[in-house]
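One-letter residues, chain by chain:
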Number of protein chains: 2
Amino acid sequence: MTLITKNMSSRLARSAFDLFALHGINNVNMDMIAAHSNCTKGSLYWHYDTKKAVILAACELYYRNWEEQMDHELASVKDPEKRLKKAVRYSIRHCMVDSKNRVFTLGIMGLALYDEDIKKSWAGFYDHVREYFIMLVQKAKDAGKTNAVDARRVVDLMLVAFEGIKLRTIIEPDFDVSAEEKAVYEGLMEVLGCPN
Amino acid sequence: MTLITKNMSSRLARSAFDLFALHGINNVNMDMIAAHSNCTKGSLYWHYDTKKAVILAACELYYRNWEEQMDHELASVKDPEKRLKKAVRYSIRHCMVDSKNRVFTLGIMGLALYDEDIKKSWAGFYDHVREYFIMLVQKAKDAGKTNAVDARRVVDLMLVAFEGIKLRTIIEPDFDVSAEEKAVYEGLMEVLGCPN
DNA sequence: GTTCTTCCATACTGATTGGTATGGTTGTTT
DNA sequence: AAACAACCATACCAATCAGTATGGAAGAAC
């Protein structure tokens with residue numbers, strides 16, 4: 001029985017992301033994605049030519065989601081210092097607590113090693129995030145709330161720390177999330193020249 | 001023609017590591033490993049029951065290699081501050097410049113997500129590295145060469161930064177390694193309470 | 001030199017999985 | 001209503017690859 005659905009394309013991307021983030025990209029096949037969207041492989045391959053296309057669509061979803069979450073998080077905050085702090089705290093939580101985020105990004109990294117398109121896609125997002133944070137630090141600096149000398153440098157250091165936190169959370173056997181969360185937060189705020 | 005070789009077991013592990021680090025674990029199959037060691041799959045499977053066993057053997061090789069390299073690097077240095085600085089510089093170089101290291105560890109992380117044994121193996125190594133660095137910081141602190149309050153905390157932050165550097169180096173399209181290397185080094189030495 | 005264990009080579013299998021071939025159904029255009 | 005494009009379902013293929021079956025060669029033990 002054929003059932004034509006509006007927005008099947010984005011529904012497939014959503015399913016793909018959910019499955020990728022749950023099982024890892026390598027452990028998800030095209031049949032699983034189709035089944036999860038209540039359709040078949042024929043339909044899936046009509047919307048996306050290759051698995052890689054599906055992966056890139058899932059990436060776009062991830063980027064948009066980050067943007068929306070962050071905007072939502074900072075929407076009500078006006079003070080530059082508070083905005084910076086909240087953004088950092090949200091990012092740490094995002095890296096450490098949200099296992100879907102960890103699993104997905106790790107899978108993407110593994111592919112990016114050998115695929116220029118995926119690498120380029122992710123690099124674009126990474127640049128965007130960097131500029132976003134540099135702006136936050138700059139604003140806090142203009143308000144005299146941080147003594148960071150070089151916004152770009154401290155943000156770069158913070159971002160690699162974020163990435164590292166994801167990896168570490170994966171391998172740490174038992175991990176007191178809330179305690180570590182606080183420690184990492186304080187460490188990073190020192191780096192940002194903005195201690196409590 | 002059958003040719004019995006001494007130490008075929010470790011030669012296979014060596015081949016496995018080299019191939020994993022070059023092509024990524026997922027892109028290397030058992031035939032490739034055997035061929036690279038100039039033997040056949042029959043022999044490979046006599047020494048290692050499963051691919052996972054080969055992977056774990058490659059990990060052990062990696063651990064030993066880290067240990068030896070680090071010892072060699074610090075062998076001639078006596079001053080605690082210099083030892084710490086050299087260890088940090090070596091680690092950054094190791095993460096940023098050595099692509100084999102990046103590729104291999106990234107692959108391992110991807111597997112560790114879904115395999116307890118690999119996760120446990122890697123976590124053990126990670127703990128070892130952490131203790132190693134904490135000791136270095138502690139010694140520098142005892143010598144009054146750093147004002148780091150909590151050695152464990154700064155080392156943790158540094159280690160996640162190392163992991164993050166690996167990931168970032170992967171996706172950065174064009175990357176001025178030497179310039180970044182210096183920036184990261186200085187940032188980390190500040191974190192360690194030991195600026196130049 | 002026979003026996004036994006260790007070690008290696010060849011050929012094969014079974015399962016997985018991206019991707020395709022093909023034909024049907026829905027909705028729109030003329 | 002006929003033609004056409006957009007969309008979906010079913011069945012299949014071809015390649016890949018971890019792991020096995022089996023037999024043989026090298027070296028040690030006696």
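Residues numbered from 1 in each chain as written. Chains lettered and ligands numbered in written order. Predicted model: local features only at pLDDT ≥ 70, side-chain atom pairs only at ≥ 80, totals over all residues. Heavy atoms only, no water.

A.B. asks: Hey, could you go over the interface of chain B and chain A for me, with residue numbers and the actual values?
C.D. replies: The figure often quoted for interface size is the accessible area lost as the parts come together. Every contact between the two is made by 38 residues of chain B and, on the other side, 38 residues of chain A. Taken over both partners, the interface formed by chain B and chain A buries close to 3200 Å², and the fraction arising from carbon and sulfur atoms is 69%. It is R153(B), R168(B) and I171(B) that lose the most area in chain B upon contact with chain A, and together they represent 20% of the buried surface on that side. Our count for the contact surface shared by chain B and chain A stands at six salt bridges. (Contact = heavy atoms within 4.5 Å. Buried area = accessible area lost by both parts, 1.4 Å probe. Salt bridge = Lys/Arg side-chain N within 4 Å of Asp/Glu carboxyl O.)

A.B. asks: Describe the nonpolar core, with residues and values.
C.D. replies: Counting 142 residues, the largest nonpolar core has F133(A), V88(B) and F133(B) as its most contacted members. Discounting chain neighbours no more than four positions away, the residues touching F133(A) are W66(A), M70(A), A87(A), V88(A), S91(A), V155(A), M158(A), L159(A) and F162(A). (Core = buried A, V, L, I, M, F, W, Y, C linked by side-chain atoms within 4.5 Å. Buried < 20%, exposed > 50% of the residue type's maximum accessible area, 1.4 Å probe, protein only.)

A.B. asks: Can you tell me about the domain arrangement of chain A, naming the residues and giving the values?
C.D. replies: All names here are of chain A. By domain assignment, chain A separates into domain 1 (8-60) and domain 2 (77-196). Between the C-alpha centres of domain 1 and domain 2 there is a distance of 28 Å. Taken together, the contact pairs 12 residues of domain 1 with 12 residues of domain 2. In this assembly, domain 1 packs against domain 2 so that about 1000 Å² is buried in total across both faces, 74% of it on carbon and sulfur atoms. Contact with domain 2 buries area across many residues of domain 1, yet A21, K52 and C59 alone supply 42% of it, more than any other trio. As a salt-bridge pair, D117 and K52 come within 2.7 Å of each other at their nearest N and O atoms. For the pair domain 1 and domain 2, the interface holds three residue pairs in polar contact (both at pLDDT 80 or more). Those elements giving two or more residues to the side of domain 1 that touches domain 2 turn out to be α1 (8-23) and α4 (51-74). It is α4 that provides the largest number of residues to the side of domain 1 that touches domain 2, a total of six residues. (Domains from an automatic or database assignment. Polar contact = N/O pair within 3.5 Å; in protein donor to acceptor, adjacent residues only side chain to side chain. Helix = DSSP H or I, 4+ residues; strand = E, 2+ residues; numbered from the N terminus.)

A.B. asks: Talk me through the relation of the copies chain B and chain A; I want residue IDs and the actual numbers.
C.D. replies: You can overlay chain B on chain A at an RMSD of 0.0 Å; the transform is a turn of 180 degrees with a shift of 0.0 Å along its axis. The transformation relating the two chain copies, once decomposed into turn and shift, fits a two-fold axis. Interface residue correspondence from chain B to chain A reaches 100%, placing this contact among same-surface, isologous pairings. (Least-squares fit on C-alpha atoms with pLDDT ≥ 70 in both.)

A.B. asks: Describe in detail the pattern of salt bridges, supporting the description with residues and values.
C.D. replies: All names here are of chain A. All chains considered together, the criterion is met by 36 salt bridges over all chains. Taking the shortest distance from any N to any O, the salt bridge between K85 and E81 comes out at 3.3 Å. Highlighted residues: K85 and E81, both in helix α5 (residues 80-96), separated by four residues, approximately one helical turn. On the basis of relative accessible area, K85 is assigned to the buried category, the value being 13%. Taking the relative accessible area as the measure of exposure, E81 reaches 18% and is therefore buried. One salt bridge connects K166 with E163, and the closest N-O pair in it is separated by 3.5 Å. Here K166 pairs with E163, and both are found in helix α8 (residues 151-171), just three residues apart, close to one helical turn.

A.B. asks: Break down helix α8 (residues 151-171) of chain B for me, citing the residues and quoting the values.
C.D. replies: Residue and element names in this part refer to chain B. Here α8 contains 21 residues, and its C-alpha end-to-end distance of 31 Å stays within 8% of the 30 Å for a straight helix at 1.5 Å per residue. With 19 of 21 residues buried, α8 lies mostly within the body of the structure. Regarding α8, its N-cap is D150, as a side-chain oxygen of that residue lies 3.1 Å from the backbone nitrogen of R152 further along. (Expected span 1.5 Å × (residues − 1).)

A.B. asks: An account of the environment of G144(B) is requested, with residue identities and associated values reported.
C.D. replies: Inspection of the secondary structure assignment puts G144(B) in the loop between α7 (116-142) and α8. C-alpha of G144(B) to C-alpha of P80(B): the two residues are 64 residues apart in sequence and 9.6 Å apart in space.

A.B. asks: Any chance you could break down the packing of aromatic side chains for me, citing the residues and the numbers?
C.D. replies: Under the definition given, this model contains 26 aromatic pairs over all chains. Each ring, one from W66(B) and one from Y132(B), has its centre 5.4 Å from the other, and the planes form 80 degrees; the classification is edge-to-face. Of this pair, W66(B) sits in helix α4 (residues 51-74) while Y132(B) sits in helix α7, and the two are 66 residues apart along the sequence. Like W66(B), the residue Y132(B) is buried in the burial classification. Cluster of aromatic residues (ring-pair linked, three or more members): F17(A), Y62(A), Y63(A), W66(A), F104(A), W122(A), F125(A), Y132(A), F133(A) and F162(A). (Phe/Tyr/Trp six-rings, centres within 6.5 Å; stacked < 30°, edge-to-face > 60°.)

A.B. asks: Could you give an account of the packing of helix α1 (residues 8-23) of chain B against α4(B), naming the residues involved and the relevant values?
C.D. replies: Residue and element names in this part refer to chain B. Taken N-terminus to C-terminus, the directions of α1 and α4 make an angle of 85 degrees; their axes are 8 Å apart at the nearest point. Relative to α4, the element α1 lies roughly perpendicular. Where α1 approaches α4, its residues A13, R14, A16, F17 and F20 are matched on the opposing element by K51, V54, I55, A57, A58, L61 and Y62. For the contact of α1 with α4, the per-class residue count stands at 10 nonpolar, no polar and two charged. (Axes fitted to C-alpha atoms, helices over the stretch in contact; angles between N-to-C directions. Parallel < 35°, antiparallel > 145°, perpendicular 65-115°, else oblique. Nonpolar A, V, L, I, M, F, W, Y, C, P; charged D, E, K, R; others polar.)

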